[in-house]
Amino acid sequence: MFSRLFSRSKRPFLSLNEQEILALAISSEEDDGRIYLAYAEALREKYPHSAKVFEEMAEEESHHRQWLIDMHVQRFGNRIPLIRREHVRDFPDRKPEWLIAEMPIEKARAEAEAMEETAHRFYVEAAARTQDAATRKLLGDLAIAEKTHESLARRLGEKHTPDDVREEEEQTARRQFILTYVQPGLAGLMDGSVSTLAPIFAAAFATQDTWQTFLVGLSASVGAGISMGFTEAAHDDGKLSGRGSPIKRGLASGIMTALGGLGHALPYLIPHFWTATITAAVVVFFELWAIAFIQNRYMETPFLRAAFQVVLGGGLVLAAGILIGNA
């Protein structure tokens, strides 16, 4: 709703004259070129071949911009009106640079192709609104060029990122995903699922009160989540280890820790003690096997070994909680 209210201050594309259309095209080419250079800079360290792809795409945008400037100078002089895509209604926005820096490589390639498709549609509409023959030809030529460039990222990728290099970059991206999200999240899930078993089931069998047991589980899960999240975020800034943003790792670890404990605490919202306890035990069973699956899927731990370690360890903690609660 608010975006519609604010969009009223923007001009409709149909209200632009030919000088303004050229000015908008110039600023759009400048923006796209800067975005491609930002992609290249963000990818240069880990994906140098793909960085080269985006550098060449930026160079292409620079050529387009110069052609447009030459046409503007020829027809309207040296003063180019200040009009940008954010001033025009329904013109797609571009992502700010601080979001680009965190964009996965496949997402960056997809965004580049989407940008070229948007530019193609713009030039088709712009050419249709232009009466001057030379300007119309230029905009039409750029529309054809941008249509060809829809696959520019793919074509340049074939040149700069052959199959072996692309596979290596994909492995690097997968490794970064594991280091930033999976590893801290898995550690949190294991801690939350296993470490809260004893206090929750001890409270359950000691009190036979499902509400009090739920409160114990809730406090243990949330407390463990906060502790694990801050610990993960504080002990490594990720610059030397390459493990990525400490905030992302902290959130992954903290949230998964809390969820791991809440999984078998929530059943104690059921007022009947044995129904709640059996439900919680079933949840624990699935939690432990899920942890074993994640270890096997992402950490390449043999499934039987992961299952033995997690299920046996969790079973011992569960048994300890039940014994202590019945003491």
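For clarity, every value in this text was computed on a predicted model and none was experimentally measured.

Moving on to the overall build of the protein. Each helix and strand in the protein was counted, giving 13 helices and zero strands. Listed by position from the N terminus, the elements making up the protein come as α-α-α-α-α-α-α-α-α-α-α-α-α. Within the protein, the proportion of its 327 residues that are buried is 43%. Counted over contacts in the protein with a minimum sequence separation of 6, partners at least 24 positions apart contribute 75%.

Residues with a pLDDT of 70 or more make up 82% of the protein, whose mean pLDDT is 79. Here residues 1-7 is modelled with pLDDT under 50, and outside its nearest four sequence neighbours on either side it reaches one contact, counting other chains as well.

Non-glycine residue Gln208 carries a positive phi angle of around 55 degrees. Note on placement: Gln208 falls in the loop between α9 (197-207) and α10 (210-235).

Turning our attention to the environment of Phe91. Inspection of the secondary structure puts Phe91 in the loop between α3 (48-76) and α4 (97-100). By relative accessible area, which is 11% here, Phe91 ends up buried. With sequence-adjacent residues up to four places away left out, Phe91 is seen in contact with Leu24, Ser28, Arg85 and Phe122.

This part covers the packing of α9 against helix α12 (residues 273-298). Running from N to C, α9 and α12 point in directions that differ by 165 degrees, and their axes come no closer than 11 Å. On the basis of the axis angle, α9 is roughly antiparallel to α12. Our pair here, α9 against α12, has a crossing hand that is left-handed. Seen from α9, the contacting residues are Leu197, Phe201, Ala204 and Phe205; seen from α12, they are Phe273, Trp274, Thr277, Ala280, Ala281 and Val284.

So, about the packing of helix α2 (residues 18-43) against α3. Contact geometry of α2 with α3 gives a least axis separation of 8 Å together with a crossing angle of 165 degrees. In terms of axis orientation, α2 runs roughly antiparallel to α3. Two packed elements cross with a definite hand, and for α2 against α3 that hand is left-handed. Of the residues belonging to the contact of α2 with α3, the class tally is 17 nonpolar, five polar and eight charged.

Conventions and cut-offs
Residues numbered from 1 in each chain as written. Predicted model: local features only at pLDDT ≥ 70, side-chain atom pairs only at ≥ 80, totals over all residues. Heavy atoms only, no water. Helix = DSSP H or I, 4+ residues; strand = E, 2+ residues; numbered from the N terminus. Buried < 20%, exposed > 50% of the residue type's maximum accessible area, 1.4 Å probe, protein only. Contact = heavy atoms within 4.5 Å. pLDDT = per-residue confidence, 0-100. Axes fitted to C-alpha atoms, helices over the stretch in contact; angles between N-to-C directions. Parallel < 35°, antiparallel > 145°, perpendicular 65-115°, else oblique. Left-handed = near helix turned anticlockwise from the far one by under 90°. Nonpolar A, V, L, I, M, F, W, Y, C, P; charged D, E, K, R; others polar.

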